[in-house]
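Understanding the architecture of this molecule
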Amino acid sequence: MRQIFKYSLFITFSVLCSALAAQHTFSKRFAEGHQNMWINAVASTDSAYYAAGVYIDGSFNSFIYCFDLQGNIIRRKNLRTPDSLSIDQTTRDFLPTNRGSFILGGRVFTNKTEGVLMEYFPAEDSIKTHLFYFDLPEYADGFGGFARIKATTDNQILIVATMETATPGPDSDIALFQFDLDFNGIDTLLFVHPWDQTGGIAIKNDENIIMANLTFGQWEYNYPRQIRVRDFASDGNLVNEYITPLDEQWSEPRDIIQTTDGGYLIGSAEGYFLNFPQGPTDSISIFVYRPHLMKLNAALEREWIMPLGYDLPSGGAYININDIAPTNDGHYVVIGEAEKIPVGPDTSRTLGLIAKVSETGEKFWERELYWMDTIMHRHFLFDITNTTDGGYILGGQANGFVNGDITVAGQQAWLLKLDEYGCLVPGCQGPVSTDAAVPPDLIWEPLLYPNPASNLLSVYFPPWESYDDNIEVEIVDSNGRRLHYAKHLRPEATYLLDVSTWASGVYYLKCAVDGKVILPKQFLVQK
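Residues numbered from 1 in each chain as written. Predicted model: local features only at pLDDT ≥ 70, side-chain atom pairs only at ≥ 80, totals over all residues. Heavy atoms only, no water.

**Considerations on the overall build of the chain**
Convention followed: Helix and strand assignments come from DSSP, with helices taken as H or I runs of at least 4 residues and strands as E runs of at least 2, each series counted from the N terminus. Buried residues are those whose accessible area, probed at 1.4 Å on protein chains only, stays under 20% of the maximum for their type, while exposed residues exceed 50% and partly exposed ones sit between those limits. In what follows, residue pairs with any heavy atoms lying within 4.5 Å of each other are defined as contacts. Methods summary: accessible areas were calculated by the Shrake-Rupley approach with a probe of 1.4 Å, and residue burial reflects only the protein chains presented.
Looking only at helices and strands, one finds one helix and 38 strands in the chain. Sorting the 527 residues of the chain into buried and exposed places 57% on the buried side. Pairs at least 24 residues apart make up 54% of the contacts formed inside the chain by residues separated by at least 6 positions. Summing over all exposed atoms, the chain offers an accessible surface of approximately 21500 Å²; the carbon and sulfur share of this is 51%.

Following this line, the structure appears as structure tokens:
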């Protein structure tokens, strides 16, 4: 039985926590007239937030946005090389330097695929670029790309790139590029393994390099997907190695971070079979993924794995943990996506996922973020970083036509600011501390934020006795006219609704949980 947090208690602590923390939160979704748009990486300073990503208008192009601390766009810069080559991808890292700049990576096409390193100087709104590739005949076409770059304590940049041979796919090799912060090449190591696959990422521990990637097993008809974590000396010689067991199926590792005890946290997704009843005696099995964290100790021995996403497995290949970041209090926040298994028509949703954990395997909280007004419902979070007020800034993409309107871009950039508890709606963490007695007759009600709303309304549904998709919602205006309806919503989750086209006035959110009607909540739309 899940604890039921009551509305009055939520309101009390929502006001208290907001007053004490003074952490502004917001959610922005935009495409600025482009066919498709998404954010890969975010950065934070005392006075602004930055986001780098990709937009599509017939071809792939990259951008950097600057936002004020309320999420309003200050300026935008399209990314190109000095000879006007379009940078068609950016990495999911925005590395700060001690000279007030940020470093990110990307990809360009010349007569081959080349990597590009960029240093962005916010004060001048300028970039410095450096192109690189692995110059061997068997890789004449360049490389398939790289998703992450990592900075080291001795001022190096590590890049793991997939090297495409004449027969790309499972036969791809992996190269590790090392640069200093001025983009001078230090070394390039090539790792040739016939079953290595995309998904490589590396960090540096003292003088050694720790690299994690996905590898396929060498079975002709059965391809076990294993995570391989290798400890290399600076000369490229293998020192130690960990491989997940053959009876486990994993997606690619998308982040790795060293913990304070010398071990490593790895973000990925584990696959398994899920059975669905089909009639009184039969069932059907499908292969699904669920986001997982894996903890290795300093000797690359597994200590624990932690599933995330509650009971939300998915059949999608995109389901994963995308980023891990240290928090200001010595723990870690992780973000990614999970998928809600459909319980009715149009209820399958890929959702944004965020959780806070310790290196010992304790989970402090976990949040789910949905858009209420889209179909297809494929929403992803790619990068997270700490903000100076103790909260977090996140970037990703919100997919799905808004209310079925195909004139609105189906793939939009998504920027979020959350408070220290991972809440978009202040107070979603429930009671923190109190000396007051809890009245016995409190009632369950959702939280709405902001109120009044002008662009987006966020609705948080507190925990309920069960964790089924048991919430039904109707929103009406002051005349009782229905403007929105949704069902099969989840408790302990946040839903976002675009009200930017609604007229100013009074509206009511009506909901029922497990068939129990909840008193309507009033909110204002104010332009």
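**What about the environment of alanine 48?**
Relative to the assigned elements, alanine 48 resides in the loop between β2 (36–44) and β3 (49–56). For alanine 48 and isoleucine 73, which are 25 residues apart along the polypeptide, the C-alpha to C-alpha distance reads 9.9 Å. If we ignore the near neighbours within four places in the chain, the residues touching alanine 48 are Ala43, Cys66, Phe67 and Leu69.

**Some points on the pattern of salt bridges**
Cut-off, in case you're wondering: Any carboxyl oxygen of Asp or Glu within 4 Å of a side-chain nitrogen of Lys or Arg constitutes a salt bridge here.
Evaluated as defined, the whole model comprises 24 salt bridges. Two residues, arginine 148 and aspartate 93, come together in a salt bridge whose shortest N-O distance is 2.7 Å. With arginine 148 in the loop between β11 (143–145) and β12 (149–151) and aspartate 93 in the loop between β6 (89–90) and β7 (95–96), this residue pair connects regions lying 55 residues apart in the sequence. Each member of the pair, arginine 148 together with aspartate 93, is buried. Each member of the salt-bridge network shares a partner with another, and the members are Asp93, Arg148, Lys150, Asp255 and Asp323.

**A look at the confidence of the model for the chain**
For the record, the criterion: Every residue gets a pLDDT, meaning the predictor's confidence in that residue, from 0 to 100.
Averaged over every residue, the pLDDT of the chain is 82; the share at 70 or more is 77%. Counting interchain partners and residues more than four positions distant, the pLDDT-below-50 stretch residues 1–21 has 50 contacts. A low-confidence stretch, residues 433–441 stays under pLDDT 50, and its non-local contacts, those more than four residues away or across chains, total three contacts.

**Brief notes about the state of the cysteines**
Which entries qualify depends on this criterion: The disulfide definition used here is simple: a pair of cysteine sulfur atoms within 2.5 Å.
Taken as a whole and judged by the stated rule, the model has one disulfide. Across the disulfide from cysteine 423 sits cysteine 428; the S-S distance is 2.0 Å. Given an S-S torsion of about -85°, the disulfide between cysteine 423 and cysteine 428 has left-handed geometry.

**Details of the packing of aromatic side chains**
Definition in use: Each pair of aromatic rings taken from Phe, Tyr and Trp, with Trp reduced to its six-membered ring, is defined by centres within 6.5 Å and is described as stacked if the planes are under 30 degrees apart, edge-to-face if over 60, and tilted in the remaining cases. Here, a charge over a ring means that NZ of Lys or CZ of Arg falls within 6 Å of the ring centre while also lying within 35 degrees of the ring normal.
Inspection of every chain in the model, using the stated rule, returns 19 aromatic pairs. When the centroid spacing of 5.0 Å and the interplanar angle of 75° are considered together, the rings of phenylalanine 63 and tyrosine 65 count as edge-to-face. Taken together, Tyr370, Trp444, Phe461, Trp464 and Tyr495 form an aromatic cluster joined through their ring pairs. Against the face of tyrosine 55 rests arginine 76, its NZ or CZ located 4.7 Å from the ring centre. The positively charged end of lysine 128 is found above the aromatic ring belonging to phenylalanine 183, 4.8 Å away from the centroid.

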